[in-house]
Amino acid sequence: MKIHRVVRDLVTTARTPTLQAKSLRVVEDDSGDLEVALDSVGAKPGDFVITISTSAARHATGDPKITTDLTIGGIIDHWSEERWHD
Amino acid sequence: MKIHRVVRDLVTTARTPTLQAKSLRVVEDDSGDLEVALDSVGAKPGDFVITISTSAARHATGDPKITTDLTIGGIIDHWSEERWHD
Amino acid sequence: MKIHRVVRDLVTTARTPTLQAKSLRVVEDDSGDLEVALDSVGAKPGDFVITISTSAARHATGDPKITTDLTIGGIIDHWSEERWHD
Amino acid sequence: MKIHRVVRDLVTTARTPTLQAKSLRVVEDDSGDLEVALDSVGAKPGDFVITISTSAARHATGDPKITTDLTIGGIIDHWSEERWHD
Amino acid sequence: MKIHRVVRDLVTTARTPTLQAKSLRVVEDDSGDLEVALDSVGAKPGDFVITISTSAARHATGDPKITTDLTIGGIIDHWSEERWHD
């Protein structure tokens, strides 16, 4: 899993039905690179989270028919920007 | 998912039958690196889109027998080149 | 999918039986990095091709028991080295 | 598989139930980049380990329903920081 | 598939049972970056090999229950360090 920080929500009115109406979040890594993750735990902007990729991302939503390749799997307790770089 | 911008269509007359006759688009990331994505939502050049990779790419087409590893999953509302770099 | 150019054939006398006797090609990306792809469309050195990775690579051969992680999925019409870098 | 060194434990009180209560470890590669791996072998901080990614990560836990994309698969005997860079 | 050179054997006394007792090899790419591959063809240090990743790595062992994400799929005939960089 990767460590990401939630940046903001992402709105996609035109989307494949296989993503259903799930919440998508823009997340960034410690280099500032952006990706988009499906949120299954209710993370808020600023939260440090772990993200799950590949086929596990689909199963982490609780429904493997949801076609995500990146899913927020948990909110990290006690993490700060400093720990990102140790 | 990654954030990509659609550049143009891609024509491959000689192709594996497992890609069927689906539309392919050249997409670029914020570094200008090019990839090719199957389009399931009707994106146009210039659109900012989210792209889905790994096994979810096949399922996002609606038919997991279609052998894509990258599928456009939605068109992003309210995104601009500036937001790519914040 | 990635855009690659076919460089040459690759011969592996000692190989796992799960690759069968399929043709393998050395391919390069626009940085000159080399990978090896199974060829399902009959590409020749110099051809610009799209390559399919992850589980879709196995299915793109027509037989998912063939254990490739990169398969040539089509020959690109009207592509040149200049378009690689636009 | 990748070669990683275990840095510390990671606590995520809010997590997807598909990760169950499995132990998570922060691991670093030889560039110092951090990832998070599920631990199936009882590794301790400072141990050099091999980590397994993609769908094999789920199966390596013994239960493929556990949605990890990176699992510690073994503790390396006789490895030191010097060998990382030879 | 990637082109790797075999560096040495890797011993992991404490390992997940899903890797069984299969031989593991440290391999390097043309940048000197190290990974660990399960060996299904009997490669020796110094051999140039092709390595198979993702779900195909499990199937290339002949038993998809073996949880590897990188498997040596063949020994390359007639390859040298010079060809790595052409």
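A few points on the structure.

The rules behind each value
- Residues numbered from 1 in each chain as written.
- Chains lettered and ligands numbered in written order.
- Predicted model: local features only at pLDDT ≥ 70, side-chain atom pairs only at ≥ 80, totals over all residues.
- Heavy atoms only, no water.
- Contact = heavy atoms within 4.5 Å.
- Buried area = accessible area lost by both parts, 1.4 Å probe.
- Salt bridge = Lys/Arg side-chain N within 4 Å of Asp/Glu carboxyl O.
- Polar contact = N/O pair within 3.5 Å; in protein donor to acceptor, adjacent residues only side chain to side chain.
- Pairing = 2+ DSSP bridges.
- Helix = DSSP H or I, 4+ residues; strand = E, 2+ residues; numbered from the N terminus.
- Phe/Tyr/Trp six-rings, centres within 6.5 Å; stacked < 30°, edge-to-face > 60°.
- Buried < 20%, exposed > 50% of the residue type's maximum accessible area, 1.4 Å probe, protein only.
- Least-squares fit on C-alpha atoms with pLDDT ≥ 70 in both.
- Patch = residues over 30% accessible without salt bridge, like charges linked within 9 Å, V, L, I, M, F, W, Y side chains within 5 Å.
- Areas by Shrake-Rupley, 256 points an atom, 1.4 Å probe, with all protein chains shown as cover.
- Lys, Arg positive; Asp, Glu negative; His and termini not counted.
- Charge placed at Lys NZ, Arg CZ, Asp CG, Glu CD.
- Nonpolar A, V, L, I, M, F, W, Y, C, P; charged D, E, K, R; others polar.

Before going further, it helps to examine the interface of chain D and chain A. Between chain D and chain A, the residue contacts involve 24 residues of the former and 23 residues of the latter. Summing the contributions of chain D and of chain A, the shared interface buries around 1900 Å²; its carbon and sulfur component is 56%. Sorting the residues of chain D by area buried against chain A places Arg8(D), Leu34(D) and Asp69(D) first, and these three jointly supply 28% of that buried surface. Connecting chain D to chain A are zero salt bridges. Where chain D touches chain A, the interface holds nine residue pairs in polar contact (both at pLDDT 80 or more). Note that strand β6 (residues 70-75) of chain A and strand β2 (residues 14-15) of chain D share two bridges and pair antiparallel. Looking at the pairing, Gly74(A) lines up with Arg15(D) of β2(D).

Time to look at the packing of aromatic side chains. Residue and element names in this part refer to chain B. Counted according to the given criterion, the structure contains five aromatic pairs over all chains. Centre to centre, the rings of Phe48 and Trp84 are 5.1 Å apart; their planes meet at 80 degrees, and the pair counts as edge-to-face. One end of the pair, Phe48, is in strand β5 (residues 48-53); the other, Trp84, is in helix α2 (residues 81-84), with 36 residues separating them in the sequence. The class of Trp84 is buried, set by a relative accessible area of 5%.

What follows deals with the relation of the copies chain B and chain A. Overlaying chain B with chain A gives an RMSD of 0.0 Å, the required rotation being 72 degrees about an axis along which the chain moves by 0.0 Å. This pairing of chains is accounted for by a five-fold axis. For chain B, the smallest separation between a C-alpha atom and the rotation axis is recorded for Thr54(B), amounting to 5.0 Å. Little of the interface of chain B is mirrored in chain A, where only 9% of its interface residues again form contacts.

Turning our attention to unusual backbone geometry. All names here are of chain A. Here the phi dihedral of Gln20 falls at roughly 50 degrees; this positive angle occurs in a residue that is not glycine. Within the fold, Gln20 resides in the loop between β2 (14-15) and β3 (24-28). On the basis of relative accessible area, Gln20 is assigned to the partly exposed category, the value being 39%.

A separate point is the arrangement of the chains. Left apart from each other, chain A and chain C have a closest C-alpha approach of 9 Å. At their nearest point, the C-alpha atoms of chain A and chain E are still 9 Å apart, with no contact between the two.

Looking now at the relation of the copies chain D and chain A. Overlay of chain D on chain A (RMSD 0.0 Å): rotation 72 degrees, translation along the axis 0.0 Å. A low fraction, 8%, of the interface residues of chain D reappear at the interface in chain A, so the copies pair through non-equivalent surfaces.

On the surface, Asp30(A), Asp33(A), Asp30(B), Asp33(B), Asp30(C), Asp33(C), Asp30(D), Asp33(D), Asp30(E) and Asp33(E) cluster together into a patch of negative charge. For Asp30(D), the position within the fold is in the loop between β3 (24-28) and β4 (34-39).

All names here are of chain C. As judged from the four bridges shared by strand β1 (residues 2-10) and strand β5 (residues 48-53), these two strands associate in the antiparallel manner. Across the sheet, the residue bridging to His4 is Val49, located in β5. Summarising the sheet, β1 and strand β3 (residues 24-28) pair through five bridges and their orientation is antiparallel. Bridge pairing in β3 places Val6 opposite Val27.

If you look at the interface, chain B gives 23 residues, while chain A gives 24 residues. Counting each side, the surface lost to burial between chain B and chain A is near 1900 Å², with a carbon and sulfur contribution of 56%. Linking chain B with chain A are nine residue pairs in polar contact (both at pLDDT 80 or more), by the criterion used here. Residue assignment for the side of chain B that touches chain A shows that the elements contributing at least two residues are β1 (2-10), β5, α1 (55-59), β6 (70-75) and α2 of chain B. The greatest single-element share of the side of chain B that touches chain A, amounting to four residues, is contributed by β5(B). Of the residues in the side of chain B that touches chain A, the class split is eleven nonpolar, eight polar and four charged.

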